[in-house]
Amino acid sequence: MLPGVLVVFHRINDYIAEALEVSNLTFALKGPWFFGMNMLITSDPANIQHVYNSNFSGYDKGPEFKEIFNYLGDGIFSADSKLWEELRHSALVMISHQGFQSFSLRTFVSKIKYGLVPVLDHFGETNKVFDLQGVFQRLAFDVTLTLVTGYDSNSLSIEMPENDYAKAMDDANEVIVYRHVKPMILWKLQNWIGVGVEKKMIKANATFNRLCAKYISSKREVIQSCQHSNIGEEAHDEDILSFYMKLDTSKYELMNPKDDKFLKDTIKTFMIAGRDALATTLTWFFWLLSKNPKVVTKIRQEINTILPRSNKSLDPDMLNKMVYLHGALCESLRLYAPVPFERKSPIKKDVLPSGHKVDANWKILFAAYALGRMRAVWGEDASEFKPERWITENGGLKHEPSFKFFVFNSGPRNCLGKKLSFLQMKTIAIEIIQNYDIKVVEGHKIEQTPSMVLHMKHGLKVTVAKRCLVS
Ligand code: HEM
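Residues numbered from 1 in each chain as written. Predicted model: local features only at pLDDT ≥ 70, side-chain atom pairs only at ≥ 80, totals over all residues. Heavy atoms only, no water.

**What to know about unusual backbone geometry**
Here comes step 1: A positive phi angle is found at Asn24, which is not glycine, with a value near 60°.
Here comes step 2: With respect to the helices, strands and loops of the structure, Asn24 is situated in the loop between helix H2 (12–21) and strand E1 (26–29).
Here comes step 3: One non-glycine residue, Asn154, lies in the positive phi region at around 50°.
Here comes step 4: Examined against the element boundaries, Asn154 turns out to sit in the loop between helix H7 (132–149) and helix H8 (164–181). (Helix = DSSP H or I, 4+ residues; strand = E, 2+ residues; numbered from the N terminus.)

This is the structure in structure tokens:
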């Protein structure tokens, strides 16, 4: 089946969704037999519940996943078993820390004020067409780099400067996709010789190494100079790098946070976690809004009711009250899952609830993008954008189990940044929807990039106009 898959590679997510719809939500994909590329593809919530929840210890990401994503080293994304438990525990402590949460909110509000608003105003005043996806990528990159290292690269500015780290992330993402559809022996050979797309990975790795080393050594200098001048720890302890540099190592058996390799792997992992999904979600969300003006009107009504214009401060309690906006974001995530595929492998032979038998080390791909579109799961109107789907009769938020709304993963390995992401997405959405009219350029082609993250291939070309608001 591999040659057939390569032909439809440019629309792989929709192709898989169509195939799953007529295959009772699961089918096996056969690759050339000697390359071990067989895999099972499923969007069946019962299978997800089984693998990610009730039989969690029977499945892991597996050694092949670690090989493909080797540039992330031993970060939480590729770790399994004991190492994963330790990384998960430390990441949970850090993300739920009050200091980190208020640092995130402050960073975000300041980036909107000094980064996003001047850029949108500039494009509005000059009446220029620009790529909204590029703007969101830069915004998410700056915010994430600040949260991870404490350093703001200011890539979101009117000049739109090139950023080496962001470019290396994009290149690495591209190479990873090819590694999924090539026999491992082939891409490893290409990497070893340094030919084909693997050349990009070699260059990206050199950039990651150089810049991560720079962030780590600057952070050490800041910590030391604060110690010498008796400035309190609070002055430099809010970002992720500082947290890990000061972690009590005695509590962890496998982790060594004093080791620079560990710190580099941590920076790379959190950069991936925080940047890509956020920018992608916002891009598809604003594209959907451009096609559904009635939804924009309803969001504006909700903003006017809950956030009077006299009150400019955004606090988490107020954001949590925005039920319709929350529903619209969930609906966008359902239709355009930012991470279209997840994968796991059984540790030993098993039978899935769908009846499919899987051998040890088989690859199972969980199609999150396809799952959001399955009529058997979401009803006959599954392909329609309906924020109301997420609202109960009493006007509250409707809860869907994570094995059905799978975009943030499910079970013990669910996304640690879900709550933070909703706060971030709502803050941006409110700022833009309240103050600007965004218009997608007529005839602009919308296509997906076949990638680990659901980017738009040609970006999202728009114009923006500042709204005249009567106070
Ligand atoms: C719209 C935004 C986001 C989406 C859709 C999303 C989605 C996901 C998904 C699908 C996974 C599972 C990945 C895998 O196991 O291969 C994941 C894991 C994770 N996410 Fe997010 N994420 C988002 C934002 C964030 C942010 C902002 C952070 C960081 C503050 C974050 C931190 C993490 C971490 C640490 C994990 C690893 C969990 C583990 O393996 O135990 N995410 N996320």
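**Brief notes about the pattern of salt bridges**
Here comes step 1: Following the criterion strictly, the structure yields 32 salt bridges and no others.
Here comes step 2: For the salt bridge of Lys111 with Asp152, the shortest nitrogen-to-oxygen distance reads 3.1 Å. Linking Lys111 in helix H6 (residues 98–126) with Asp152 in the loop between H7 and H8, this pair joins segments that are 41 residues apart in sequence.
Here comes step 3: The exposure class assigned to Lys111 is buried, which follows from its relative accessible area of 6%.
Here comes step 4: By relative accessible area, Asp152 is classed as partly exposed at 29%.
Here comes step 5: Measuring nitrogen to oxygen at the nearest pair gives 2.9 Å for the salt bridge that ties Lys298 to Glu388. Highlighted residues: Lys298 in helix H13 (residues 293–306) and Glu388 in the loop between helix H17 (375–378) and helix H18 (418–435), separated in sequence by 90 residues.
Here comes step 6: Residues joined in a network through salt bridges with shared partners are Glu331, Arg334, Asp381, Glu384, Lys386 and Arg389. (Salt bridge = Lys/Arg side-chain N within 4 Å of Asp/Glu carboxyl O. Buried < 20%, exposed > 50% of the residue type's maximum accessible area, 1.4 Å probe, protein only.)

**A short note on the environment of Leu254**
Here comes step 1: Turning to its location among the elements, Leu254 is positioned in the loop between helix H11 (240–245) and helix H12 (260–291).
Here comes step 2: Those residues within four positions of Leu254 in sequence are excluded, and the remaining contacts are Lys82, Leu83 and Glu86. (Contact = heavy atoms within 4.5 Å.)

**Considerations on the UniProt feature "binding site: heme" (unreviewed entry) in the protein**
Here comes step 1: In this structure's numbering, the residues bearing the UniProt feature "binding site: heme" (unreviewed entry) are Cys415.
Here comes step 2: Cys415 gets classed as partly exposed once you look at its relative accessible area, which sits at 33%. (UniProt positions renumbered as here; feature names shortened; annotations may be inferred.)

**Let's talk about the coordination of the iron atom of the ligand**
Here comes step 1: For the iron atom of the ligand, the protein supplies a single donor, Cys415 (SG), at a distance of 2.3 Å.
Here comes step 2: Summarising the element assignment, Cys415 is placed in the loop between H17 and H18. (Donors = N, O, S within 2.8 Å, 3.2 Å for Na, K, Ca; no water.)

**A word on the sheet that holds strand E8 (residues 363–367)**
Here comes step 1: Pairing is mixed across the open sheet formed by five strands, whose spatial order is E1-E2-E8-E5-E3. In the strand order of this sheet, the two ends are held by E1 and strand E3 (59–60), each with one partner.
Here comes step 2: By the bridge criterion, four bridges tie E1 to strand E2 (residues 39–42) in an arrangement that is antiparallel. The partner of Thr26 across the bridge, within E2, is Thr42.
Here comes step 3: Contacts from H2 reach E1, E2, strand E5 (341–346) and E8 within the one sheet, and its direction differs from that of E1 by about 120°. (Pairing = 2+ DSSP bridges. Axes fitted to C-alpha atoms, helices over the stretch in contact; angles between N-to-C directions.)

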